[in-house]
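Residues per chain, in single letters:
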Amino acid sequence: DTGVSQNPRHKITKRGQNVTFRCDPISEHNRLYWYRQTLGQGPEFLTYFQNEAQLEKSRLLSDRFSAERPKGSFSTLEIQRTEQGDSAMYLCASSQGPDTGELFFGEGSRLTVL
Amino acid sequence: RKEVEQDPGPFNVPEGATVAFNCTYSNSASQSFFWYRQDCRKEPKLLMSVYSSGNEDGRFTAQLNRASQYISLLIRDSKLSDSATYLCVVTAYIPTFGRGTSLIVHP
């Protein structure tokens, strides 16, 4: 399967713990996006990489959130000191540059903070 | 005001009906427009791009009105399998999603 891969698919954690999600994009895609989605809402932009450079971060992304894409391939999204409000589906998507075309999404990582 | 606005619905229609969804956007610098489909508990997938000249793909027709900053999606001859959430996506720099419109097609 050469699609976008995310893991873990599900994560249940206690408030205050740190969690990390990983995304492996489609190999030739240079753009990688992280979105967050809650029930009844559309995906909400968090951050964007072009190759290894993080080019944009949402103002919604507090300092507890950090994302990396060290070699321009896979990416990680870490949430420190989780809060109940962080419970959501975290979606990763990749696309081929230079223009913004179709986004290919992974199946998402569902986070539940107790 | 949200950047991309959609009526969340749900739109509840019988098989064979024609249904239309609308979407408005606030950023006049937006350059690319799309409709995505999202099934329950699944990831969004591209349904179709939207062009100024309008475009059609089988039973689906998308229209863009740049002057009014408005996008539409028309589904003709609805099928049970069309039941899903339809997400409007507008890109100025970053793809921005609407909250989605829920469609339920019943027998």
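For the structure itself, look to the data block above.
This structure is a prediction, so every number in the text was calculated from the model and none was measured. Within each chain, residues carry numbers counting from 1 in the order of the written sequence. Lettering of chains starts at A and numbering of ligands starts at 1, both following the order in which they are written. Local features in this predicted model are restricted to residues of pLDDT 70 or higher, and side-chain atom pairs are both shown and tallied only at a pLDDT of 80 or more, whereas totals for entire chains, interfaces and linings draw on every residue. Water and hydrogen atoms were dropped before computing side-chain values, which therefore reflect all heavy atoms in the structure.

Novice: Just to check I follow, could you spell out the environment of Glu28 of chain A for this structure?
Specialist: Residue and element names in this part refer to chain A. With respect to the helices and strands, the residue Glu28 is situated in the loop between strand S3 (19–24) and strand S4 (31–37). On a C-alpha basis, the gap between Glu28 and Arg15 in space is 37 Å, while along the polypeptide they are 13 residues apart. At 3.0 Å, the side chain of Glu28 forms a polar contact with the side chain of Ser27. Numbered from the N terminus, helices here are DSSP runs of H or I no shorter than four residues, and strands are runs of E no shorter than two. Pairing of N or O atoms within 3.5 Å defines a polar contact, subject to two protein rules: one partner must be a possible hydrogen donor and the other a possible acceptor, and residues neighboring in sequence count only if both atoms are side-chain atoms.

Novice: How should I be thinking about the pairing of strand S9 (residues 88–95) of chain A in this particular structure?
Specialist: Residues and elements named next belong to chain A. S9 sits mainly inside the fold: eight of its eight residues count as buried. When a residue's accessible area, from a 1.4 Å probe over protein chains only, is under 20% of the maximum for its type it is buried; when over 50% it is exposed; and in between it is partly exposed. Residues Ala88, Tyr90, Cys92 and Ser94 point to one face of S9 and Met89, Leu91, Ala93 and Ser95 to the other, with burial holding for every one of them. Should DSSP find at least two bridges between two strands, the strands are regarded as paired. Bridge count between S4 and S9: seven bridges; the pairing is antiparallel. Paired with Leu32 across the two strands is Ser94, which belongs to S9. The pairing of S9 with strand S11 (residues 109–113) spans three bridges and is classified as antiparallel. Its bridge partner being in S11, Ala88 is matched across the sheet by Leu111. With two bridges joining them, S9 and strand S10 (residues 104–105) adopt antiparallel strand pairing. Residue pairing across strands places Ser94 opposite Phe104, the latter belonging to S10.

Novice: What should I look at first to understand the sheet that holds strand S6 (residues 55–57) of chain B in this one?
Specialist: The pairing of strands in a sheet comes from backbone hydrogen bonds and takes either a parallel or an antiparallel form. Residue and element names in this part refer to chain B. Pairing is antiparallel in the open sheet, where five strands are placed in the order S1-S3-S8-S7-S6. Of all the strands in the sheet, just strand S1 (4–6) and S6 have a single pairing partner and so form its edges. Strand after strand, the sheet turns through a mean of 20 degrees between neighbouring axes, direction not considered. Taken together, the six bridges between strand S3 (residues 19–25) and strand S8 (residues 70–75) define a ladder with antiparallel strand orientation. Interaxial angles span 0 to 180 degrees and are taken between N-to-C directions of axes, which are lines fitted to C-alpha atoms, for helices over the stretch in contact.

Novice: What's the story with the sheet that holds strand S7 (residues 65–68) of chain A in this structure? I'm lost.
Specialist: All names here are of chain A. Spatial ordering of the open sheet is given by S1-S3-S8-S7, a layout of four strands whose pairing is antiparallel. At either end of the open sheet lies a strand with only one pairing partner, and these are strand S1 (5–7) and S7. Along the sheet, successive strands turn relative to each other by an average axial angle of 15 degrees, direction set aside. Relative to strand S8 (residues 75–79), S3 runs antiparallel, the two sharing five bridges. Residue pairing for S8: Phe21 is matched across the bridge by Leu77.

Novice: Just to check I follow, could you spell out the interface of chain B and chain A for this structure?
Specialist: We call two residues in contact when some of their heavy atoms are within 4.5 Å. Each partner contributes to the interface: chain B provides 17 residues, whereas chain A provides 20 residues. Where chain B abuts chain A, roughly 1600 Å² becomes buried across the two surfaces, and 55% of that area is made up of carbon and sulfur atoms. In the sections that follow, a salt bridge refers to a side-chain nitrogen of Lys or Arg positioned within 4 Å of a carboxyl oxygen of Asp or Glu. At the junction of chain B with chain A, the criterion picks out zero salt bridges. For the pair chain B and chain A, the number of links is five residue pairs in polar contact (both at pLDDT 80 or more). For the side of chain B that touches chain A, the elements supplying multiple residues, two or more each, are strand S4 (32–38), strand S9 (84–91) and strand S10 (95–97) of chain B. Per element, the largest residue contribution to the side of chain B that touches chain A is four residues, and it comes from S4 of chain B. Buried area is calculated as the accessible area (1.4 Å probe) missing from two parts once they are joined, with the contributions of both summed.

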